[in-house]
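Here's the letter readout for the chains.
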Amino acid sequence: GAAADSLERLMRAAEDHESVQIEHYSAGRDETLSRRIDPEEVFSAIGNWYVVAWDHRSRAERMFRVDRIHRVDRTGDRFEPRGLLGAGRPLYSRSPQDIAIRLRLGPGARWVAEYYETESITEGSDGWVEVVLPTKQLPWAAKLVVRLGGEAEVLDPPELRELAREVAERTLARYR
């Protein structure tokens, strides 16, 4: 319901060049933020809907997953499109703030090397693969490692190993 409603509102706003106010869950920060955006293109890729927009808060181009947008409010303000790239663009935008994480992935987690932006992929003779991924948020990477269970081993950086352990402990504590 909410995701379909957000998708429809964002598509209309992009078509009409209308700024909107959104409430967006940031998985990397694990918080919900309110942002004013100028949505330029809404597209589907790898099973998710995305909106590419000018974000007034950061004063930069941003891409948001539509299923993480909980609310879309019209502002009535129009904007001039900046020509931001939508469909066909990489789903991760590299930046100087990137941290390289190195993971060893089992056969059940090889999809990570295909789904996420990688700096390198090294095939192992045992069916496992070593990948280097860029990320801006180590907490996001820790959640990914926990989600992969025994199919992922953190090789670098050492602080990611500790963060993943903490995330796993907090998750287990919720089930006790």
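Student: Can you walk me through helix α4 (residues 158-175) in this structure?
Tutor: Side chains three or four residues apart in an α-helix point the same way, a direct result of the helix having 3.6 residues per turn. With 18 residues, α4 extends 27 Å from end C-alpha to end C-alpha; this agrees with the ideal 26 Å at 1.5 Å per step. Within α4, the full set of buried residues consists of L160, A164 and V167. Seen end-on, α4 carries its buried residues on one side only, within an arc spanning 60°. For α4, the secondary structure elements touched by its buried residues are β6 (99-105), α3 (138-148) and β9 (152-156).

Student: How should α3 be read in this particular structure?
Tutor: Among the residues making up α3, those that are buried are L138, A141, A142, L144, V145 and L148. The buried side chains of α3 occupy one side of the element, clustering within an arc of 160° when seen end-on. On its buried side, α3 packs onto β6, α2 (111-115), β8 (129-135), β9 and α4. Downstream of α3 by a residue or two, G149 has a phi angle that is positive, lying close to 60°.

Student: It is not clear to me how the sheet that holds strand β4 (residues 60-65) should be interpreted in this structure. Could you clarify?
Tutor: Pairing between the strands of a sheet is mediated by backbone hydrogen bonds and can be parallel or antiparallel. An order of β4-β3-β2-β1-β5 is seen for the five strands of this open sheet, with the pairing classed as antiparallel. The sheet terminates laterally at β4 and β5 (69-78), the two strands that pair on one side only. Adjacent strand axes in the sheet meet at a mean angle of 45° when their direction is disregarded. With six bridges joining them, strand β1 (residues 18-26) and β5 adopt antiparallel strand pairing. Its bridge partner being in β5, I22 is matched across the sheet by V72.

About the cut-offs
- Every chain's residues receive numbers from 1 upward, in the order its sequence appears when written.
- Local features are withheld for residues below a pLDDT of 70 in this predicted model, meaning they are given only at 70 or higher, and side-chain atom pairs are given and counted only at 80 or more; totals for whole chains, interfaces and linings count all residues.
- Where side-chain values are given, they derive from all heavy atoms of the structure, hydrogens and water being excluded.
- Runs of H or I in DSSP of at least four residues are treated as helices and runs of E of at least two as strands, each being numbered from the N terminus.
- Any helix carries an expected span of 1.5 Å times its number of residues minus one.
- The cut-offs for exposure are 20% and 50% of the maximum accessible area for each residue type, with area from a 1.4 Å probe on protein chains only; residues under the lower value are buried, those over the upper are exposed, and the others partly exposed.
- Each C-beta atom gives one direction from the helix axis, and the arc is the one those directions make.
- Any two residues whose heavy atoms approach within 4.5 Å at even a single point are treated as in contact.
- Pairing between strands requires that DSSP locate at least two bridges from one strand to the other.
- Angles here are taken between N-to-C directions and fall from 0 to 180 degrees, while the axes themselves are lines fitted to C-alpha atoms, restricted in helices to the stretch in contact.

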